[in-house]
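Below are the chains, spelled out letter by letter.
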Amino acid sequence: MASTLPDPHPDAHQAGATGNTTGMTAASERAGGIEAHGIDHIPDSERRGRPRELFSVWAAANVNYLSLVVGGALVLMGLSLWQALAVIVVGNLFWLLTGLLAIPGPAAGAPSEVVTRAMYGVRGNRVNNAVTGWMISVCYFALNLAAAATAAFSLVARTGLPVNDAVKAVVVVLIAAVTLAISVYGHAAIVRLYVPITLALTVVFAVVAVAVVRHADFGYVPDRPLTGGGLWATVLAGVALMASGPLSYTTSADFSRYLPRTTSARAVAAWTALGGFLPSVVVCGIGAVAATAVDMGDPESALQPLLPGWFRPVFLLALVLGTVALNALTAYSAGLALQAVGVRIRRSLSVLVDGTVSVALTLYALLVSDFLDTVGNVLQLTVVLLGPSTAVYATDILLRRNRYDGLALADETPTGPFWYRGGVNRPGALALASGVTASALCVDTVYTGPVAAVLGGIDLALPAGLLVASAVYALLMRRLRTTA
């Protein structure tokens, strides 16, 4: 068996690998056409850009309605303001992992959905992409779309139209159409559009921040402050809730893969992490501060009395715009995940398939279930899968020192270096399964795991999943390497 952790020499493989469509693809990208690449390797001749461009990509995606919801929810859970703000900062430190997971993009010229073949094997990775890639992305798309629609409903109401189920359905479809259009055009469109979107949203939320601060109670403490085990249980649940955002982007290499192969890995990680961390902390912080003055059970309605009358429609439009920016990234990655599962379909069409499924889920979330409860349950429960998945990915990057050969990763044949045994890398599969099991035993959200029950409701799902998955993967891969 070949070495499990290959040390490829990309220079030897990249020469002459651009194929016959290179010029056509590059011209299409420059002209602003639909991105031609899917999960295939990006040749050196089509690499462009600087790592700082990643900041606006992630910043635009994190100034959104869902961040306000999550920030306000921390205070509703019983935390004091300063406890909630501390949880927001700690939870958002997981953007450092998102940054780390972005660095294989330039190294391999491949999206995360392909890079993870190194962890799970060609066939094993199809299962991984079906669950932690496609399914999770579609769920997040639906939640974010529901959040944008909630703000859009208020805009519609201001026109005097009745906001009935039929109108809601039309609004959801229209927002989805705009979002999917960005995703279909792809990487170049995202990079171009997200700079002005980031600037516009920054101005809007600066006004919101000023209005919220004027009414805030910075000494806010709930009538019955949490103490002891109850406090720790709430703090850990809050950190998991915050961390679910950055952990959902195990696909961050999707947006760095067009950067030149010689791009600094540190710069890629730093700009990605900073672009996610700063706006998320600020917007979630606004949500928490606002919760000291108004009931953030319905943030969109609660915040409007604090804002000048003329500015309220602008605020609602910004909520929609920010969520569209977030969902365009989610839909883009979901389309790649569907291809990586093995569905032979163009990336543009796969994005439309994902959007159709997400719209159906969104209508259910808005018209049938309770939206806030749905958000909390889904975000916390996905940590059971996303924590271990992130840990395996991050550990592999460190073990390989980010040495990935994009052309080798693209080889799906049984003779390829990432076929392993029967198309499955057992250490990766076992590590992920072990991490998910440990996390499930410790969770306390939709259900209470046995470990959480023994600890009185303290939810250790996030740290348990991360540590167990990382340790098992590192141990098994090192052992396999020495015996290969």
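Small disclaimer: the values here were computed from a predicted structure and weren't measured.

Calculation criteria
Residues numbered from 1 in each chain as written. Predicted model: local features only at pLDDT ≥ 70, side-chain atom pairs only at ≥ 80, totals over all residues. Heavy atoms only, no water. Helix = DSSP H or I, 4+ residues; strand = E, 2+ residues; numbered from the N terminus. Buried < 20%, exposed > 50% of the residue type's maximum accessible area, 1.4 Å probe, protein only. Contact = heavy atoms within 4.5 Å. Areas by Shrake-Rupley, 256 points an atom, 1.4 Å probe, with all protein chains shown as cover. Phe/Tyr/Trp six-rings, centres within 6.5 Å; stacked < 30°, edge-to-face > 60°. Patch = residues over 30% accessible without salt bridge, like charges linked within 9 Å, V, L, I, M, F, W, Y side chains within 5 Å. Salt bridge = Lys/Arg side-chain N within 4 Å of Asp/Glu carboxyl O. pLDDT = per-residue confidence, 0-100. 1 Å grid on protein atoms, 1.4 Å probe; cavity = no way out; pocket = protein on both sides within 12 Å on 5 of 7 lines; lining within 4 Å. Points joined across faces, edges and corners; volume = space filled by probe spheres on them. Nonpolar A, V, L, I, M, F, W, Y, C, P; charged D, E, K, R; others polar. Expected span 1.5 Å × (residues − 1). Arc of directions from axis to C-beta.

Peer 1: Hey, could you run me through the overall build of the protein chain in this one?
Peer 2: Along its length, the protein chain carries 22 helices and 0 strands. When the 484 residues of the protein chain are sorted by exposure, 57% land in the buried category. Taking all contacts inside the protein chain whose residues are at least 6 apart in sequence as the whole, residues at least 24 apart take part in 85%. Carbon together with sulfur atoms contributes 66% to the accessible area of the protein chain, which is approximately 18700 Å² in total.

Peer 1: For this particular structure, what's the right way to read the packing of aromatic side chains?
Peer 2: Given two aromatic rings, one states the distance between the centres and the angle between the planes to describe the pair. Counted according to the given criterion, the structure contains 9 aromatic pairs. For the ring pair Phe205 and Phe315, a centre distance of 6.4 Å and an interplane angle of 65° mean the geometry is edge-to-face. Residue Phe205 is found in helix α12 (residues 187-215), and its partner Phe315 is found in helix α16 (residues 312-341); the two are separated by 110 residues along the sequence. The class of Phe205 is buried, set by a relative accessible area of 5%.

Peer 1: Which parts of the structure should I look at to understand a nonpolar patch on the surface?
Peer 2: On the surface, a cluster of nonpolar side chains totalling about 390 Å² of accessible area is made up of Leu441, Val451, Val454, Leu455 and Leu460. Looking at the secondary structure, you find Leu455 in the loop between α21 (450-454) and α22 (461-483). Residue classification places Leu455 among the partly exposed positions, given a relative accessible area of 37%.

Peer 1: Help me understand the confidence of the model for the protein chain in this model?
Peer 2: Caution is warranted with low-pLDDT regions, since their predicted coordinates should not be read in detail. Taken over all residues, the pLDDT of the protein chain has a mean of 87, while the share at 70 or more is 89%. Per-element confidence in the protein chain is highest for helix α6 (residues 95-102), whose mean pLDDT is 97, and lowest for helix α1 (residues 10-14), whose mean pLDDT is 37. Low pLDDT (under 50) marks residues 6-31, which in the prediction has 36 contacts with non-local residues, meaning those over four places away or in another chain.

Peer 1: Sorry if this is basic, but what is going on with empty space enclosed by the protein here?
Peer 2: Rolled over the atoms, a probe with the dimensions of a water molecule shows which regions are left empty. Taken as a whole, this structure holds 5 cavities of 30 Å³ or more when the rule is applied. Of the volumes computed, that of the largest cavity is approximately 320 Å³. Every residue lining the largest cavity is counted, 25 residues in all, and those nearest its centre are Leu66, Tyr140, Gly245, Ser248 and Leu326. Tallied by class, residues from the lining of the largest cavity come to 12 nonpolar, 13 polar and no charged. Residue lining of the second largest cavity: Ser112, Glu113, Thr116, Asn128, Asn129, Thr132, Gly133, Thr250, Thr251 and Ser389, and that is the complete set. Considering every element that reaches the lining of the second largest cavity, the biggest residue donor is helix α10 (residues 122-158), with 4 residues.

Peer 1: Which parts of the structure should I look at to understand the pattern of salt bridges?
Peer 2: Side chains bearing opposite charge may pair, as long as their charged atoms lie close to each other. Per the stated rule, a full pass over the model turns up 7 salt bridges. Between Asp44 and Arg261 there is a salt bridge; the shortest N-O distance is 2.5 Å. In this pair, Asp44 sits in the loop between α2 (22-30) and α3 (53-61) while Arg261 sits in the loop between α13 (228-247) and α14 (265-290), placing the two residues 217 residues apart along the sequence. One salt bridge in this structure joins Glu412 and Arg126, with 2.9 Å as the shortest N-O distance. Residue Glu412 is found in the loop between α19 (406-409) and α20 (426-442), and its partner Arg126 is found in helix α10; the two are separated by 286 residues along the sequence. Of the residues examined, Glu412 reaches a relative accessible area of 24% and is grouped as partly exposed.

Peer 1: How should I be thinking about the environment of Phe311 in this particular structure?
Peer 2: Examined against the element boundaries, Phe311 turns out to sit in the loop between α15 (299-303) and α16. On a C-alpha basis, the gap between Phe311 and Val208 in space is 9.2 Å, while along the polypeptide they are 103 residues apart. In contact with Phe311, other than residues within four places in its own chain, are Val204, Val207 and Val208.

Peer 1: For this particular structure, what's the right way to read the environment of Leu307?
Peer 2: The residue Leu307 is located in the loop between α15 and α16 in this model. A C-alpha to C-alpha distance of 7.0 Å links Leu307 and Val208, two positions 99 residues apart in sequence.

Peer 1: Would you mind showing me how to read α20 here?
Peer 2: Residues that lie three or four places apart on an α-helix share one face, since the helix turns once every 3.6 residues. Across its 17 residues, α20 extends 24 Å between first and last C-alpha, which sits within 8% of the 24 Å expected from 1.5 Å per residue. Considered for burial, the residues of α20 that qualify are Pro427, Gly428, Ala431, Leu432, Gly435, Ala438, Ser439 and Cys442. Seen from one end, α20 has its buried residues packed into an arc of 135°, which puts them on one side.

Peer 1: Explain the side chain of Asn144 to me, please; I cannot follow it from the model alone.
Peer 2: In this structure, Asn144 sits in helix α10. If near-sequence neighbours (up to four positions away) are discounted, Asn144 is found in contact with Leu66, Thr323, Leu326, Asn327 and Thr330.

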